[in-house]
Amino acid sequence: MRDITTTRAPITLVLGGTRSGKSRTAEQLAADLGGPRPLTYVATARVDATDADHVARIDAHRARRPAGWITVECPDPLTLPGHLAAIDGPVLLDSLGTWIASHPDLAVDTDALVAALTARDHPTIVVSEEVGWSLHAPTEVGRRFVDAVGLLNQAVAAAADRVLLVVAGRVLELPPC
């Protein structure tokens, strides 16, 4: 866990399962940030126009965002740490699971992401999937995905000031380690 006595901008990690309310919770936290700079929403999901359900989920997320927010859709997963480093102002990053899934081998540069998060001068809210409570993945790729998300969540949580767990729309603040 990082030393929270430093003056670095706060990082909040919001974890939850599918349809838990994690994105909505993060959006509410982001809306409460205020400040002179607009919030930048960094979306990691790539829209698959042939998947109607996925398109509907993305559209619902877009519809909830306030008009004053700037949206950055990260087209290349390898550039996410650089995108974060270049943004001046608060950020809502949604989500780490879709970022991992966009890598063909599910291997992400955890150190680069954590370095980019901790170097920021403005608050950052990170959304990620809590995948450890689901069924044991029956496929090798499923197990690698669950492992990758779990390990990345641990690394980001270690750097975060706050970690929130959203279950059935209810928010639990997890104590620091």
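Residues numbered from 1 in each chain as written. Predicted model: local features only at pLDDT ≥ 70, side-chain atom pairs only at ≥ 80, totals over all residues. Heavy atoms only, no water.

## Looking at the overall build of the protein
Our working definition: For the purposes of this entry, the term helix denotes a DSSP run of H or I that reaches at least four residues, the term strand denotes a run of E that reaches at least two, and both are numbered from the N terminus. For the exposure calls, accessible area comes from a 1.4 Å probe over protein chains only, and a residue counts as buried if that area is under 20% of its type's maximum, exposed if over 50%, partly exposed in between. A contact between two residues is defined here by any heavy atoms of the two lying within 4.5 Å. The accessible surface values rely on the Shrake-Rupley method and a 1.4 Å probe; as for residues, cover is taken only from the protein chains in view. Under this rule, positive means Lys or Arg and negative means Asp or Glu; His and the chain ends count for nothing. For this purpose, a charge sits on NZ of Lys, CZ of Arg, CG of Asp or CD of Glu.
Per the secondary structure count, the protein includes six helices and seven strands. Sequence-ordered secondary structure for the protein, helices as α and strands as β, is β-α-β-α-β-α-β-α-α-β-α-β-β. Structurally, the protein occupies a C-alpha span of about 45 × 35 × 35 Å along its principal axes. By residue count, 42% of the 177 residues in the protein fall in the buried class. Put simply, 78% of the contacts in the protein that link residues at least 6 apart link residues at least 24 apart. Of the roughly 9400 Å² of accessible surface on the protein, a fraction of 58% belongs to carbon and sulfur atoms. Considering the protein, the positive charge centre built from 16 side chains and the negative charge centre built from 21 side chains are found 5 Å apart.

## As for the sheet that holds strand β4 (residues 91-94)
Stated formally: Whether two strands pair depends on DSSP finding at least two bridges between them. The axes used here are C-alpha line fits, helices contributing only the stretch in contact, and every angle between their N-to-C directions lies in the interval 0 to 180 degrees.
Strand order in the open sheet made by the seven strands is β3-β2-β4-β5-β1-β6-β7, with mixed pairing throughout. Two strands close off the open sheet at either side, each with one partner strand: β3 (70-73) and β7 (170-174). Between one strand axis and the next, the sheet turns by 20 degrees as a mean value, whatever way the strands run. Inspection of the sheet shows β4 paired to strand β5 (residues 124-129) by four bridges, in the parallel sense. From the neighbouring strand, D94 faces β5, where its bridge partner is V127.

## What to know about the side chain of S128
For the record, the criterion: Identification of polar contacts relies on pairs of N or O atoms within 3.5 Å, with a donor-acceptor requirement for protein atoms, meaning one able to donate a hydrogen and the other able to accept it, and with residues adjacent in sequence counted only if both atoms are side-chain atoms.
Among the secondary structure elements, S128 is positioned in strand β5. Side-chain polar atoms of S128 contact the side chain of N153, separated by 2.5 Å. In this structure, S128 is in contact with L13, V14, L15, G16, K22, S95, L96, G97, V149 and N153, ignoring residues within four places of it in sequence.

## Thoughts on the packing of aromatic side chains
To be explicit about the condition: Under the pairing criterion, centres of Phe, Tyr and Trp rings, with the six-membered ring standing for Trp, must be within 6.5 Å; the plane angle then separates stacked pairs below 30 degrees from edge-to-face pairs above 60, leaving the rest tilted. Lysine NZ or arginine CZ positioned within 6 Å of the ring centre and within 35 degrees of the ring normal marks a charge as sitting over the ring.
On inspection of all chains with the given rule, the structure shows one aromatic pair. Above the ring of Y41, the side-chain terminus of R65 is found at 3.6 Å from the ring centroid.

## Some thoughts on helix α2 (residues 52-64)
Our working definition: Between the first and last residue of a helix there are one fewer steps than residues, each counted as 1.5 Å, and that sum is the expected span.
Here α2 spans 19 Å end to end across 13 residues, near enough to the 18 Å set by a 1.5 Å rise per residue. The opening residue of α2 is D51, an N-cap whose side-chain oxygen sits 3.2 Å from the backbone nitrogen of D53.

## Structural notes on the nonpolar core
In a soluble, globular protein the nonpolar side chains are often hidden away together inside. Condition: For the purposes of this section, nonpolar cores are sets of buried Ala, Val, Leu, Ile, Met, Phe, Trp, Tyr and Cys residues that join through side-chain atoms within 4.5 Å.
Residues L84 and L113 are the most contacted members of the largest nonpolar core, which totals 29 residues. At the level of elements, β1 (11-16), α3 (80-86), β4, α4 (96-101), α5 (110-119), α6 (140-159) and β6 (162-167) are the ones that each hand at least two residues to this core. Counting residues per element, this core draws most heavily on α6, at five residues. Residues in contact with L84, not counting those within four places in the same chain, are V42, V91, L93, L113, A116, L117 and R120. V14, L39, Y41 and V127 belong to the second largest nonpolar core, which has twelve residues in total.

## A short note on the pattern of salt bridges
The line we're drawing: Here, a salt bridge means any side-chain nitrogen of Lys or Arg that lies within 4 Å of a carboxyl oxygen of Asp or Glu.
Counted by the stated rule, this structure contains seven salt bridges. Close ionic contact of E27 with R64 constitutes a salt bridge, the shortest N to O distance being 2.6 Å. Of this pair, E27 sits in helix α1 (residues 22-31) while R64 sits in helix α2, placing them 37 residues apart in sequence. Classification of E27 by relative accessible area gives buried; the value is 6%. Using a relative accessible area of 27% as the deciding quantity, one classes R64 as partly exposed. Residue E73 pairs with R62 through a salt bridge whose shortest N-O separation is 2.8 Å. In this pair, E73 sits in strand β3 while R62 sits in helix α2, placing the two residues eleven residues apart along the sequence.

## Quick look at the environment of L106
Looking at the element boundaries, L106 is found in the loop between α4 and α5. Each residue touching L106, except ones within four places of it in the same chain, is listed here: I100, A101, V141, R144, F145 and A148.

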